Amino acid sequence: MDIDTRLLRYFAAVYEEGQLTAAAARLVVSQPTLTKQVRQLETVLGVELFERSRAGMTPTPAGHELAARVPALLTAWEQALRATRQTATLGSGTLRVGFEGATINLVGLATVEAFGRHMPGWRVELRQNNWFDSSSGLASGEIDLALWHAPPGVLDGMYNCAPLGVEERWVALPTGHRLAGRDELDLVELLDEAFVAIPREAGFWRDYWLGVEERRGHPVRIGAVAHNPDEWATAVACGQGIGFAPATIGRLSQRAGVVYRPVRGLSPSRVGLYWPAGRLLTRAAEAFVRSCRETVAVGGRVGPTGPAVQTPSNGAG
């Protein structure tokens, strides 16, 4: 019997929290997604792991038995993954960095050349973030660093961050939209518009790029769901909805049929390189952070100077 380890992680979070709402917040996924994953695990195992009630999720005897064994199983698997991938990257001299769609335009030849000076013989492998994984591959060790735009402080405790600066969130509109001719918009003018959303599996990120917090309970109307940045931009250009995006996209990435405008009332993002809390930053990753701080302009300026990272490094690779 083969079981996705993600199902076990979700089960463990629900078991420890005792309720779906808290577990979903901890995992940075939506509650419907978490419910579906727990039921899928029960189906695969052929047993009921929780008794559902208004009071929460009460583990069954089978649930208690599984919970006693899951932590050791997950720890062993994660150690095996990290060791395998670290050995591979150490041998190849490759640092894997995830990025969000067109925000990769922040990183250019100057960044790569600076990294080469700091880490001779090493190369950077740039990967577009997976919208179906809220960790973008950081949790599984598929990437070493992720370039994210995130609300300041929200991910603290789950991830370490080497900040690069602060950037506004703008709105993307089809060129024929009634508001496209304006230089700047108010958030309240956009609340009833249809939006192009990213998948539910993205968890917290879906809500963030729909501006859920700033909506203060105002419902979101979804016009389309995109599975990658190209689909997202195409859906906007085709009039299926509007969307929020980093201002970087409006400045550096032009797509026919789409215009980008600043939005008053929408909070900015902290732009930074992220990696899981509790995982030491390698010397190669630290060198990439330093290279970005030397060459990357965020919010119309070069990122702040200061300590390269918030945690110590642990060696050469």
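As the structure is a prediction and not an experimental result, all values here were calculated from the model.

Student: Hey, could you run me through unusual backbone geometry in this one?
Tutor: Excluding glycine, a negative phi dihedral is what most residues carry, and trans is how most peptide bonds are arranged. With a phi angle near 65 degrees, Ser136 is a residue other than glycine that sits in the positive phi range. Topologically, Ser136 is positioned in the loop between β4 (123–128) and β5 (145–150). Residue classification places Ser136 among the buried residues on the basis of a relative accessible area of 10%. We note that Arg216 has phi near 50 degrees; this positive angle belongs to a residue other than glycine. Along the chain, the position of Arg216 falls in the loop between α7 (212–215) and β10 (221–225). Note on Arg216: relative accessible area 77%, which makes it exposed.

Student: Looking at this structure, how should I read the pattern of salt bridges?
Tutor: Working definition: two side chains of opposite charge can pair if their charged atoms are close together. In total, this model carries 13 salt bridges according to the counting rule given. Across the pair Arg69 and Glu65 runs a salt bridge, and its minimum N-O distance is 2.8 Å. In this pair, Arg69 and Glu65 are both assigned in helix α4 (residues 61–92), 4 residues apart and thus about one turn of the helix distant. Relative accessible area serves as the criterion here: at 43%, Glu65 is assigned to the partly exposed category. One salt-bridge network, held together by shared partners, links Glu16, Glu17 and Arg26.

Cut-offs applied
- Residues numbered from 1 in each chain as written.
- Predicted model: local features only at pLDDT ≥ 70, side-chain atom pairs only at ≥ 80, totals over all residues.
- Heavy atoms only, no water.
- Helix = DSSP H or I, 4+ residues; strand = E, 2+ residues; numbered from the N terminus.
- Buried < 20%, exposed > 50% of the residue type's maximum accessible area, 1.4 Å probe, protein only.
- Salt bridge = Lys/Arg side-chain N within 4 Å of Asp/Glu carboxyl O.

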